[in-house]
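# Analysis of the macromolecular model
For reference, the chains in residue letters:
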Amino acid sequence: MAAPRLTAPLAGSLDDPARARDLARMKRLATGLFVLAAIVFLGCVLLGDDGGAWVGYVRATAEASMVGALADWFAVTALFGHPLRLPIPHTAIIPRKKDQIGTSLGAFVQENFLTAAVVDHTLETVDLPGRLGTFLAAPGRAERLAGDAGVALSGLGDLLRDDDLRPAVAALVERKLHETPAAPAVARALELVVDGDRHQEVLSAGLRGLARFLEDNRLVFRAQLGDASPPWVPDWVDDRVFDRVFAGLQGFLTEVGDDPRHELRRSYDARLRAYAHALRTDPATAARIEELKAELLQHPAVRTWSGSLWTQAKDAVLAAAADPSSELRSRVAGLITEGARLLRSDPGVRESVQKQGRRAAVYLVERFSSDLADLVGTTVARWDTEETSRRIELQVGRDLQWIRVNGTVVGGLAGLVIYTVAQLLG
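Residues numbered from 1 in each chain as written. Predicted model: local features only at pLDDT ≥ 70, side-chain atom pairs only at ≥ 80, totals over all residues. Heavy atoms only, no water.

### Considering a nonpolar patch on the surface
- A cluster of nonpolar residues, Y363, L364, F368, L372 and L375, forms a patch on the protein surface that exposes about 500 Å² of accessible area.
- Position of F368 among the secondary structure elements: in helix 17 (residues 347–382).
- Using a relative accessible area of 36% as the deciding quantity, one classes F368 as partly exposed. (Patch = residues over 30% accessible without salt bridge, like charges linked within 9 Å, V, L, I, M, F, W, Y side chains within 5 Å. Areas by Shrake-Rupley, 256 points an atom, 1.4 Å probe, with all protein chains shown as cover. Salt bridge = Lys/Arg side-chain N within 4 Å of Asp/Glu carboxyl O. Helix = DSSP H or I, 4+ residues; strand = E, 2+ residues; numbered from the N terminus. Buried < 20%, exposed > 50% of the residue type's maximum accessible area, 1.4 Å probe, protein only.)

See below:
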């Protein structure tokens, strides 16, 4: 007898009361349409032929609506469980196929993302030596890395007490930040961004992202308008108002995004340049930046963060406390600084690092891609079946209920068309 496989709850909380309410509301709507069609059908049956020729058309429409509603209810329910709790073949697809879905997902990631061709093509467009050089050339980075190297060499890590080092590191970081004027640094950063038109690229990316977000959530915004609209306003009026406003907003975003000389962009550029200039020339503006920096440094979260830096700069703190001008630290920091310069300026070094970096990344992908795919599959396999189905239904169930609604409506229309054609040919 095989040992039962252990299951694990899904990490994180995907439960969303709002989603649950929306799902329940959509289920009631879909079921209500079915009940309405059944009532209409029953009324037509009771009327019989005495009600006139129109009864046949209405009856055919209601009958087809019920068939469409039942068929789509069965299809949607079969994804997550057995309809009417009957063990009908090819139902409860997600609970039965959960493990296969996890395996397929892992294989999909491996075959489409974790391949040597994809990784190599991606890294071909990435300036690896430039990024590494910029990282190493950051202010104080060489000294901190030199301190970390000292920690590895000295072996003092196990002897240091966290409670003793945390206040020292926090005090060191806070003092350095207080001594460094913030306004010139912020002004220089803004000038670099504006001179390189990076601020316009950021604006363009933000506009594109906003446009995609609006389009992806079009139905959500339309539903919000419907909820806010008075009940006596017809849906077609809401649709027309929404389409006009939505098209106008999308058009404005597209106009600003496509026109590099748009007035909004010029105003945006001018304001950033004026603010950068004010940071260098206006004492009041610089003072406000310094006040903001002081308030930020006094925030408990920043103090906690500065105190936690000791894990990354432990030996740098010890070296600074014992001998800030030690020969070892100076030499290691000098090597790091020189390496950063070569990575950013020497063509030979840059080419070698780029080539070796791509080769190492391809090797890692080829070596561990199958392990990562297995990790995805085994993780999904460990999830609890019922909880997985319930949470997936919470995420996509509301949209699936629209299938039932559409099935009811489309089925009724199809029934009406078929019955009409039959009457014309009869």
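### Re the packing of helix 12 (residues 263–281) against helix 13 (residues 283–298)
- Where helix 12 meets helix 13, the closest approach of the two axes is 6 Å, and the angle between their N-to-C directions is 90°. As the angle between them shows, helix 12 and helix 13 are arranged roughly perpendicular. On helix 13, the residues touching Y275, A278, L279 and T281 of helix 12 are P283, T285, A286 and I289.
- Residue composition of the contact of helix 12 with helix 13, grouped by class: six nonpolar, two polar and no charged. (Axes fitted to C-alpha atoms, helices over the stretch in contact; angles between N-to-C directions. Parallel < 35°, antiparallel > 145°, perpendicular 65-115°, else oblique. Contact = heavy atoms within 4.5 Å. Nonpolar A, V, L, I, M, F, W, Y, C, P; charged D, E, K, R; others polar.)

### A short note on the pattern of salt bridges
- Following the criterion strictly, the structure yields four salt bridges and no others.
- The salt bridge involving R350 is made with D127; its shortest N-O contact spans 3.0 Å. A residue pair is termed long-range when its members are at least 10 positions apart, and R350 in helix 17 and D127 in the loop between helix 4 (116–124) and helix 5 (128–136) qualify at 223 residues.
- With relative accessibility at 25%, the residue R350 sits in the partly exposed group.

Bear in mind that shape data such as this cannot, by itself, settle questions of function.
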